[in-house]
Amino acid sequence: MAHPSPRARSRLSALLATACLVVSAFVFASPAAASTDGLLDLTCTAPSSEATTYDPPLTLAPQDVTFSSTVQYGPCVSLSRPDIDSGSRSLHVLTPDRSCLTLLETAVSAFTITWDTGETSTISGSRTATVVGAALVVTITGNVTSGVFAGDSVVQISTGPATGILACTLGLGTVDSVYSAVTLEITSL
């Protein structure tokens, strides 16, 4: 078997050295450089859910209503925080002049998620709601303003049945609760 010439070995060594440099650039890239490209920091999927109740039930006529909401996030997956598996948030507040029509209005949204690690993320953004076929789709887009994932962008989508809401907007019923499936994505900027 013939051995490669010194010149061929030199070219082969140079080629291998270049290949090693290229590979190491990908393997050892810093997380800070990666996060500026908008990488998914955390995602929470089914069976994540939101349960909302209205007391008294919403009607077509505006009235003061106690609004209660509980959101359970999980399972959640995060490459930057693998110790976070789930989270939750809840709200119980009296809101004036609520009707089933206000469910479809655009609004400002601010809330705090408490993660299973005991840490929190405070989120501020905007809420839009649309009826797509027989589903109510509520989308919250915004940013994490403090806590874990601070500075990241947020998209939360809740999808639930719209039949009761549609009947209410026609004056044919009331809405006492809405149960929705939830997805949450937190993305580094």
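It should be emphasised that the depicted structure is a prediction, and the values quoted were computed from it without experimental measurement. (Residues numbered from 1 in each chain as written. Predicted model: local features only at pLDDT ≥ 70, side-chain atom pairs only at ≥ 80, totals over all residues. Heavy atoms only, no water.)

Undergrad: Before we move on, can you summarise the state of the cysteines with the specific residues and values?
TA: This model, assessed by the stated rule, comprises two disulfides. Linked covalently through their sulfurs, Cys44 and Cys76 form a disulfide whose S-S length is 2.1 Å. Between Cys44 and Cys76 the disulfide shows an S-S torsion of about 110 degrees. By sign, it is right-handed. Pair noted here: Cys44 is in strand β1 (residues 40-44) and Cys76 is in strand β4 (residues 76-77), with a separation of 32 residues, a long-range link. Across this residue pair, the class does not change: Cys44 and Cys76 are buried. Covalent S-S linkage joins Cys100 and Cys168, the inter-sulfur distance amounting to 2.3 Å. Judged by the sign of its S-S torsion, about -85 degrees, the bond between Cys100 and Cys168 is left-handed. (Disulfide = S-S within 2.5 Å. Helix = DSSP H or I, 4+ residues; strand = E, 2+ residues; numbered from the N terminus. Buried < 20%, exposed > 50% of the residue type's maximum accessible area, 1.4 Å probe, protein only.)

Undergrad: Could you give an account of the pairing of strand β6 (residues 107-115), naming the residues involved and the relevant values?
TA: Relative to β6, strand β5 (residues 87-98) runs antiparallel, the two being bridged by two bridges. Considered in β6, the bridge of Ser88 is made with Thr114. Sheet analysis places β6 next to strand β7 (residues 120-132), joined by eight bridges and oriented antiparallel. Counted as the bridge partner of Thr114 is Thr120 from β7. The hairpin turn running from β6 into β7, its antiparallel successor, is four residues long, and Gly118 in that turn takes a positive phi close to 95 degrees. (Pairing = 2+ DSSP bridges.)

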